[in-house]
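Structural overview for review
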Amino acid sequence: MKTFYFAMMICFVNPACVLGGRLGNKSQGVQKAHFATSDDVNLIAYGLLQLGQALKHHVDGTRVEIDAIVEKLDVYNSSFIQLEGQARDLESGGEALKVKSQTLELQDQELHKISTDLRDKLTQLLQERQLFVSKVEALEGKLERMLGRKTGVNESGDPSLHRAAAEAHRLSADELLALVEEQQQQINEQSEQIQHLLGKVLNREAREHVKLRKKLKGNNSSADQQNPREAARADSDCQQIFRRGERTSGIYSIQPKGSQPFETYCQMTPESGWTMIQRRIDGSEDFDRPWLDYKTGFGDLSGEFWLGLENFYQIARQGKYLLQIKLQDWKNNTSWIEYTFRLSGEDNGYTLQIGQMVTGDLPSAMSECKDVPFSTSDRDNDLHSAINCAQKHSGGWWFSACGEANLNGKYFSTRIARRPDRKKGILWKTWKSSYYSFKSTLLMVRPATSLN
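Conventions adopted
The numbers attached to residues start from 1 for each chain and follow its sequence in the written order. With pLDDT at 70 or above as the cut-off, local features in this predicted model cover only qualifying residues; side-chain atom pairs require 80 or more to be listed or tallied, and sums for whole chains, interfaces and linings still use all residues. Excluding hydrogens and water, the side-chain values take into account all heavy atoms of the structure. UniProt positions are given in the numbering used here, feature names are shortened, and annotations may be inferred rather than shown by experiment. What counts as a ring pair is set by centres within 6.5 Å for rings of Phe, Tyr and Trp (its six-membered ring), and what kind of pair is set by the plane angle: stacked under 30 degrees, edge-to-face over 60, tilted for all other angles. Here's how the labels work: a residue is buried when its accessible area is under 20% of the maximum for its type, exposed when over 50%, partly exposed in between, all with a 1.4 Å probe on protein chains only. Only lysine NZ and arginine CZ atoms are considered, and such an atom sits over a ring when it is within 6 Å of the ring centre and within 35 degrees of the ring normal. In plain terms, two cysteine sulfur atoms within 2.5 Å form what is called a disulfide here. Strands here mean DSSP runs of E at least two residues long; helices mean DSSP runs of H or I at least four residues long; both are numbered from the N terminus. The pLDDT score gives, residue by residue, the confidence of the prediction method on a 0 to 100 scale. Only heavy atoms matter for contacts: two residues are in contact if any of them lie within 4.5 Å across the pair. Residues enter a patch when their relative accessible area is above 30% and they make no salt bridge; the linking distance is 9 Å between like charges and 5 Å between nonpolar side chains (Val, Leu, Ile, Met, Phe, Trp, Tyr). To be clear on the numbers: accessible area is Shrake-Rupley with a 1.4 Å probe, and residue cover counts the displayed protein chains and nothing else. The working definition used for a salt bridge is a side-chain nitrogen of Lys or Arg within 4 Å of a carboxyl oxygen of Asp or Glu. Two strands make a pair as long as DSSP finds a minimum of two bridges between them. Whenever two N or O atoms come within 3.5 Å, that pair is a polar contact, provided that in protein one can donate a hydrogen and the other can accept it, and provided that, for residues adjacent in sequence, both atoms are side-chain atoms. Counted charges follow a simple rule, with Lys and Arg positive, Asp and Glu negative, and His plus the chain ends left uncounted.

- In the annotation of an unreviewed UniProt entry, the entry for the chain reads Angiopoietin-related protein 3-like, and the organism field reads Callorhinchus milii.
- Turning to the chain, the UniProt record has this under Subcellular location (unreviewed entry): "Secreted".

1. Focus on the packing of aromatic side chains
- Counting across every chain of the model gives 15 aromatic pairs.
- When the centroid spacing of 5.2 Å and the interplanar angle of 90° are considered together, the rings of Tyr 294 and Phe 298 count as edge-to-face.
- Judged by relative accessible area, which is 8%, Phe 298 ranks as buried.
- Sitting over the face of the ring of Trp 431, Lys 432 holds its NZ or CZ atom 5.0 Å from the ring centroid.
- Lys 432 extends its terminal NZ or CZ atom over the ring of Tyr 436, reaching a point 5.3 Å from the ring centre.

2. Quick notes on the state of the cysteines
- For the structure shown, the criterion picks out two disulfides.
- One disulfide in the model links Cys 238 with Cys 266; its S-S distance is 1.9 Å. When the S-S torsion is -75°, as for the bridge of Cys 238 with Cys 266, the disulfide is left-handed. Note that Cys 238 is positioned in helix 6 (residues 238-243) and Cys 266 in strand 2 (residues 262-268), a separation of 28 residues in sequence.
- For Cys 266, a relative accessible area of 0% corresponds to the buried category.
- A sulfur-sulfur distance of 2.1 Å marks the disulfide that ties Cys 389 to Cys 402. With the S-S dihedral at roughly -95°, the linkage between Cys 389 and Cys 402 falls on the left-handed side.

3. A closer look at the confidence of the model for the chain
- For the chain, the average pLDDT comes to 78, and 69% of its residues sit at 70 or higher.
- Contacts of residues 15-30 to residues separated by more than four positions or lying in other chains number 14 contacts, the stretch itself having pLDDT below 50.

4. Quick word on a nonpolar patch on the surface
- Where nonpolar side chains cluster on the molecular surface, the patch consists of Tyr 76, Phe 80 and Ile 81 and spans about 350 Å² of accessible area.
- Structurally, the position occupied by Phe 80 is in helix 3 (residues 38-153).

5. What to know about the pairing of strand 7 (residues 334-343)
- Sheet topology note: the strand 6 (residues 321-328)/strand 7 ladder contains eight bridges and is antiparallel. By the bridge assignment for strand 7, Lys 326 is matched with Trp 336.
- Counted along the chain from strand 6 to the antiparallel partner strand 7, the turn is five residues long, and its residue Asn 332 has a positive phi close to 65°.
- Where strand 7 lies against strand 8 (residues 352-360), six bridges are found, and the strand directions are antiparallel. Its bridge partner being in strand 8, Phe 341 is matched across the sheet by Ile 354.

6. Overview of the environment of Thr 275
- Structurally, Thr 275 can be placed in strand 3 (residues 273-280).
- We classify Thr 275 as buried; its relative accessible area is 0%.
- Sequence separation of Thr 275 and Leu 323 is 48 residues, and the distance between their C-alpha atoms is 9.8 Å.
- A polar contact of 3.1 Å, which involves the side chain of Thr 275, links it to the backbone nitrogen of Cys 238.

7. What about helix 8 (residues 309-316)?
- Buried residues dominate helix 8, accounting for six of its eight residues.
- Within the span of helix 8, buried status applies to Leu 309, Asn 311, Phe 312, Gln 314, Ile 315 and Ala 316.

8. Here we look at the environment of Glu 263
- When you line up the elements, Glu 263 lands in strand 2.
- Taking the C-alpha atoms as reference points, Glu 263 and Leu 301, 38 residues apart in sequence, are found 8.3 Å from one another.

9. Structural notes on the pattern of salt bridges
- Tallying each qualifying case throughout the model produces eight salt bridges.
- Where Glu 84 meets Arg 88, a salt bridge forms, and the shortest distance between an N and an O atom there is 3.6 Å. Of the two residues, Glu 84 and Arg 88 both sit in helix 3, four residues apart, roughly one turn of that helix.
- Among the residues examined, Glu 84 registers a relative accessible area of 39% and is labelled partly exposed.
- Here Lys 432 ties to Asp 329 by a salt bridge, and the two come within 3.4 Å at their closest N and O atoms. Taken together, the residues Lys 432 in the loop between strand 10 (427-428) and strand 11 (440-447) and Asp 329 in the loop between strand 6 and strand 7 connect sequence positions 103 residues apart.

10. Focus on the side chain of Asp 382
- Topologically, Asp 382 is positioned in the loop between strand 8 and helix 9 (389-393).
- Buried charge without a partner: Asp 382 forms no salt bridge, and the closest opposite charge is Lys 392, 10 Å away.
- A polar contact is formed between the side chain of Asp 382 and the backbone nitrogen of His 384, at a distance of 2.9 Å.
- Beyond its immediate chain neighbours, meaning those up to four positions away, Asp 382 contacts Ser 375, Ile 387, Asn 388, Cys 389, Phe 399 and Ser 400.

Below, the structure is given as structure tokens:
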């Protein structure tokens, strides 16, 4: 086709190729002019039209292909820029993590040095104490011998000398005993101070180790386990940490008797240290979870979290504990209540038995909770014969016949409008209505016989 169009162009320039044999030789002496017929002109025009359309089609197709190529190049360029930015971010993040790791290593070395110095100081004080006791015993023996000799010399003498010797013996013994007790008290106080400082340093050291391992090893399960020395010196609950002198609320590592160590949030008050089991403050954590999550725990200890039924049980099984529940409404009014309680293990579905109300101004909504196991949407242990209370009310809780309380319900930051949702919130029916969902909640425990 292109060859035909090219021939047409040549014929348009040279009409002789169209006229062919019509052009005769020059007549003798005279030359006549010849023109193409209208059919020939139409044929040439048609050919040129076809050629123009073909060229236009070709140009349009080429333009579309070029546009597609340009678009792909733009996408490639954008992707390359994004990848380059991500690479820079990863590189800077890696550098920051490396610097943080080096800083933590230096802090770790410093803490090791401090703890070693404290151990050495404690050992030195114990040695000095033993030496002092030995010297006192030697002095006591020497004094007794001296007084014995004086008594023997004066056995047959004046009775007043006997009384004077006895009085001198009594006074010397009393003074010596007072001196020994004073020195003993000073040594005990120094020992307690050193033990307190050593405990603070070692507890901080353990927390730094856990954080460092999680950051560098991505929450590897083997990295989260403490070594035997760390486990041996862990506190059994937040009250024990309080007794060591800690007064700052925050995240601490505890190890109930017979349990593996784990981290929790300790709420320190002027009177005691509370181990926090649950906290709701802003709805950032989803509490509508299956049984396994409620057993092992979930959330962020710095924000909203559930410590875990197994951890809760390991704490409660150590002795008599109090359970405190604190609620806050959307006008920032707070109310609280404390119960005695008992909690069974997993074999009994973590059954909760609420005892008597101890103190507080919050009307009780859990008095009927007598031997009630824990229920979730996938583990229906409630006492209702017809429905699954966890599915109806959301979250996991100690539902009796669905009951009057559910502090693990859905978090609503606005007034509950939809009728099906009205009983799915954070409920405590005895203070507010059945359709009121609270702003914040706290569940905490401490020993029932805590000593400050």
